[in-house]
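Observations on the model geometry
So you can see what is in the structure, the chains are spelled out below.
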Amino acid sequence: EAGVAQSPRYKIIEKRQSVAFWCNPISGHATLYWYQQILGQGPKLLIQFQNNGVVDDSQLPKDRFSAERLKGVDSTLKIQPAKLEDSAVYLCASSPYGGGLGTEAFFGQGTRLTVV
Amino acid sequence: KNQVEQSPQSLIILEGKNCTLQCNYTVSPFSNLRWYKQDTGRGPVSLTIMTFSENTKSNGRYTATLDADTKQSSLHITASQLSDSASYICVVSPAALSYNTDKLIFGTGTRLQVFP
């Protein structure tokens, strides 16, 4: 079974520029998560999709971050404009439909963003 | 507020020794608890997942315990190897509002270093 694919693996941009990350979840997985992980901290949920609908985006800085999941499969996360404090690893994860009792969540390798 | 706290923050042990990592949570109502291993520069990988009715689960040299009454979990690593050097993250899911959502609340992790 193919894992969660993310690209790019690394990205360096200047502050105020824009950047986009892409995630392809495991085939058939209905739930898709985007997390921000700052060095030395645990991942923080940015947005959770169920198919192509948003379940939770309460911690997404909506003035600069946006995400979409067209057709309930691939997803993109965009930052515009980027700030220095956005430097982090952005992790995408997916899990099968019907997570209630704890179905497994699988993570991609992440995109390491450095804002200079 | 739903929180997950882990201790110690970091740990250094010698190869072949055992160690135990702790996780305390305030998530309520509670659905399941997971332990993830995250190697540097990679996404988290699941080690164990336990529902509220389970109190122990093993995965090779990793054994997780859960006390849902005291809201505590531990991860015991037996006969440590150099490859065990990583961050270990405790993740708790609240009871789902509906069966098709599964939120993940992350601890900040314990960074384990195993030296020869």
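Residues numbered from 1 in each chain as written. Chains lettered and ligands numbered in written order. Predicted model: local features only at pLDDT ≥ 70, side-chain atom pairs only at ≥ 80, totals over all residues. Heavy atoms only, no water.

1. Regarding the overall build of chain A
Condition: Under the DSSP-based scheme used, a helix requires at least four consecutive residues in state H or I and a strand at least two consecutive residues in state E, with every element numbered from the N terminus. Radius of gyration here is computed from C-alpha atoms only, and the compact-globule reference equals 2.2 Å multiplied by the residue count raised to the power 0.38. Only heavy atoms matter for contacts: two residues are in contact if any of them lie within 4.5 Å across the pair. For the accessible areas, the method is Shrake-Rupley and the probe is 1.4 Å, while residue cover comes only from the protein chains on display. Charged residues are defined narrowly, with Lys and Arg counted positive, Asp and Glu counted negative, and His plus the chain ends left uncounted. To locate a charge, take atom NZ for lysine, CZ for arginine, CG for aspartate or CD for glutamate.
Along the backbone of chain A there are 0 helices and 11 strands. For chain A, the sequential pattern of α-helices and β-strands runs β-β-β-β-β-β-β-β-β-β-β. On C-alpha atoms alone, chain A measures out to a radius of gyration of 13 Å, which is about the 13 Å that the 2.2 N^0.38 rule sets for 116 residues. Projecting the C-alpha coordinates of chain A onto the three principal axes gives extents of approximately 40 × 25 × 25 Å. Sequence separation of at least 24 residues holds for 53% of the intrachain contacts in chain A that already meet a minimum separation of 6. On chain A, roughly 5600 Å² of surface is accessible, and the fraction owed to carbon and sulfur atoms is 52%. Averaged over its 12 positive side-chain charges, chain A has a centre that lies 6 Å from the centre of its 10 negative ones.

2. Comments concerning a nonpolar patch on the surface
The line we're drawing: Two joining distances apply to patches: 9 Å for like charges and 5 Å for nonpolar side chains (Val, Leu, Ile, Met, Phe, Trp, Tyr), and every residue must have over 30% relative accessible area and no salt bridge. A carboxyl oxygen of Asp or Glu within 4 Å of a side-chain nitrogen of Lys or Arg is what we treat as a salt bridge.
A surface patch of nonpolar side chains, amounting to about 300 Å² of accessible area, comprises Ile12(B), Leu14(B) and Phe115(B). Its location among the elements puts Ile12(B) in strand S2 (residues 10–14).

3. Some thoughts on the state of the cysteines
Residues and elements named next belong to chain B. Counted only if it meets this: Criterion for a disulfide: a pair of cysteine sulfur atoms at a distance within 2.5 Å.
Taken as a whole, this structure holds 2 disulfides over all chains when the rule is applied. At a sulfur-sulfur separation of 2.1 Å, the disulfide partner of Cys-23 is Cys-90. Between Cys-23 and Cys-90 the sulfur-sulfur dihedral comes to about -70 degrees; the bridge is accordingly left-handed. Taken together, the residues span a long stretch of sequence, with Cys-23 in strand S3 (residues 19–25) and Cys-90 in strand S9 (residues 86–94) at a distance of 67 residues. Cysteine Cys-19 remains unbridged, with the sulfur of Cys-90 as its closest cysteine sulfur at 15 Å.

4. Details of the environment of Thr110(B)
All names here are of chain B. What counts here: Per-residue accessibility, obtained with a 1.4 Å probe over protein chains only, is compared with the maximum for each type, and a residue is labelled buried under 20%, exposed over 50%, and partly exposed between these values. Polar contacts, as counted here, are pairs of nitrogen or oxygen atoms within 3.5 Å of one another; within protein the pair requires one atom able to donate a hydrogen and one able to accept it, and residues that are adjacent in sequence qualify only if both atoms are side-chain atoms.
Note that Thr-110 resides in strand S11 (residues 110–115). For Thr-110, a relative accessible area of 0% corresponds to the buried category. Residues Thr-110 and Lys-57 lie 53 residues apart in sequence; the distance between their C-alpha atoms is 19 Å. There is a polar contact of 2.5 Å between the side chain of Thr-110 and the backbone oxygen of Pro-8.

5. Some thoughts on the pairing of strand S11 (residues 111–115) of chain A
All names here are of chain A. Threshold: For two strands to be treated as a pair, DSSP must find no fewer than two bridges joining them.
Along S11, the buried face is formed by Thr-111, Leu-113 and Val-115; none of Arg-112 and Thr-114, which line the opposite face, is buried. Pairing of strand S2 (residues 10–13) with S11, which is carried by 4 bridges, proceeds in the parallel orientation. Within S11, the residue paired with Tyr-10 across the bridge is Arg-112.

6. Brief notes about the side chain of Asn32(B)
Residue and element names in this part refer to chain B. Along the chain, Asn-32 turns up in strand S4 (residues 30–38). Here Ser-31 takes part through its side chain, which lies 3.1 Å from a polar atom of the side chain of Asn-32. Side chain to side chain, Asn-32 and Arg-34 meet in a polar contact 3.0 Å long.

7. Thoughts on the sheet that holds strand S1 (residues 5–7) of chain A
Neighbouring strands of a sheet are bound in pairs by backbone hydrogen bonds; such pairs are parallel or else antiparallel. Residue and element names in this part refer to chain A. Spelled out, the test is: To obtain an axis, a line is fitted to C-alpha atoms, over the contacting stretch when the element is a helix, and the angle between two such axes runs from 0 to 180 degrees between their N-to-C directions.
Pairing is antiparallel in the open sheet, where 4 strands are placed in the order S1-S3-S8-S7. Two strands in the sheet have a free side with no partner beyond their single neighbour: S1 and strand S7 (65–68). Strand-to-strand twist of the sheet, defined as the mean angle between neighbouring strand axes without regard to direction, takes the value 15 degrees. Pairing analysis gives 5 bridges linking strand S3 (residues 19–24) to strand S8 (residues 75–79), with the strands arranged antiparallel. Bridge pairing in S8 links Val-19 to Ile-79.

8. Describing the pairing of strand S1 (residues 4–7) of chain B
Successive side chains on a regular strand alternate, one facing one side of the sheet and the next facing the other. Residue and element names in this part refer to chain B. Side chains Val-4 and Gln-6 of S1 all project onto a buried face; the interleaved residues Glu-5 and Ser-7 project onto a face where none is buried. Summarising the sheet, S1 and S3 pair through 4 bridges and their orientation is antiparallel. The residue bridging Gln-6 from the neighbouring strand is Cys-23, located in S3.

9. Side note on the environment of Asn24(A)
All names here are of chain A. The topology assignment puts Asn-24 in strand S3. The sequence separation of Asn-24 and Trp-34 amounts to 10 residues, and the corresponding C-alpha distance is 12 Å. Leaving out residues up to four positions away in the same chain, Asn-24 has contacts with Gly-3, Val-4, Ala-5, Val-73 and Asp-74. Here the side chain of Asn-24 touches Asp-74 through a polar contact of 2.4 Å, side chain to side chain.

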